[in-house]
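What follows is the residue order along each chain.
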Amino acid sequence: MPAPEELTPPEAARWAARSGLPLATDRHQVVAATANHIHSVVSRLRELDFAETPPAAHRAGEERHDAAV
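Each chain carries its own residue numbering, running from 1 in the direction its sequence is written. At least 70 in pLDDT is required for a residue's local features to be given in this predicted model, at least 80 for side-chain atom pairs to be given and counted, and no such filter applies to totals for whole chains, interfaces and linings, which use all residues. Side-chain calculation: all heavy atoms of the structure are included, whereas hydrogens and water are not.

Labelled according to an unreviewed UniProt entry, the chain appears under the name Glutamyl-tRNA(Gln) amidotransferase subunit A-like protein, originating from Streptomyces formicae.

Colleague: Explain the overall build of the chain to me, please; I cannot follow it from the model alone.
Modeller: A tally of regular secondary structure across the chain gives two helices and zero strands. Considering the chain as a whole, with its 69 residues, one finds that 9% of them fall into the buried category. Strands are runs of DSSP state E lasting at least two residues, helices are runs of H or I lasting at least four, and both sets are numbered from the N terminus onward. Only protein chains enter the calculation, and the probe is 1.4 Å; a residue is then buried if its accessible area is under 20% of its type maximum, exposed if over 50%, and partly exposed in between.

Colleague: How do you make sense of the side chain of Asn-36 when you look at a structure like this?
Modeller: Among the secondary structure elements, Asn-36 is positioned in helix α2 (residues 28–47). Pairs of residues are marked as contacts when any of their non-hydrogen atoms sit within 4.5 Å. Those residues in contact with Asn-36, other than ones at most four positions away along the chain, are Glu-6 and Leu-7.

Colleague: What should I look at first to understand α2 in this one?
Modeller: Each α-helix winds once per 3.6 residues, and so residues spaced three or four apart point in a common direction. Taking 1.5 Å of rise per residue, the 20 residues of α2 would be expected to cover 28 Å, and the 29 Å separating its terminal C-alpha atoms lies within 8% of that figure. Taken together, the buried positions of α2 are His-28, Ala-32 and Asn-36. In a view along the axis of α2, the buried residues occupy a sector of 65 degrees, so they form one face of it. Among the exposed residues of α2, those pointing more than 90 degrees away from its buried face are His-37, Ile-38, Arg-44 and Leu-45. Next to the buried residues of α2 lie α1 (9–18). One less than the number of residues in a helix, times 1.5 Å, gives the span that helix is expected to have. Comment: arc refers to directions from the helix axis out to C-beta atoms.

Colleague: Can you help me understand the packing of α1 against α2 in this one?
Modeller: Helix-helix packing is characterised by the crossing angle of the two axes and by the distance between the axes. At their nearest, the axes of α1 and α2 sit 8 Å apart, and the two run at 90 degrees to each other. The orientation of α1 relative to α2 falls into the category roughly perpendicular. Where α1 approaches α2, its residues Pro-9, Ala-12 and Ala-13 are matched on the opposing element by His-28, Gln-29, Val-31 and Ala-32. Tallied by class, residues from the contact of α1 with α2 come to five nonpolar, two polar and no charged. As a rule, the C-alpha atoms of each element are fitted with a line to give its axis, helices using only the stretch in contact, and angles between N-to-C directions run from 0 to 180 degrees. Any angle between 65 and 115 degrees counts as roughly perpendicular, while under 35 counts as roughly parallel, over 145 as roughly antiparallel, and the rest as oblique. In this count, Pro and Cys sit with the nonpolar residues alongside Ala, Val, Leu, Ile, Met, Phe, Trp and Tyr, while Asp, Glu, Lys and Arg are called charged and the others, Gly among them, polar.

Colleague: Can you walk me through a nonpolar patch on the surface in this structure?
Modeller: Here a patch means residues that are over 30% exposed by relative accessible area and free of salt bridges, tied together within 9 Å if like-charged and within 5 Å if nonpolar (Val, Leu, Ile, Met, Phe, Trp, Tyr). Method for areas: the Shrake-Rupley scheme with a 1.4 Å probe, in which residue coverage is limited to the protein chains shown. Each salt bridge in this description consists of a side-chain nitrogen of Lys or Arg and a carboxyl oxygen of Asp or Glu lying within 4 Å of one another. Taken together, Val-41, Leu-45, Leu-48 and Phe-50 make up a surface patch of nonpolar side chains, about 390 Å² in accessible area. By secondary structure assignment, the location of Val-41 is in helix α2.

What follows is the structure, given as structure tokens:
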């Protein structure tokens, strides 16, 4: 799958405004950089092979909490 192009500051401003969150002009660059970073992290997580690993909720009922000190 080819890597998508990075979000540009004007695109970030447009998407924010479309979502009802207009940005001040000085925030466009920061928001675009943050969105690009989040996208890169999520992309890496999607590449991980968890094979037969069950979700964390699968084991949630097995925990025993003891308040003894």
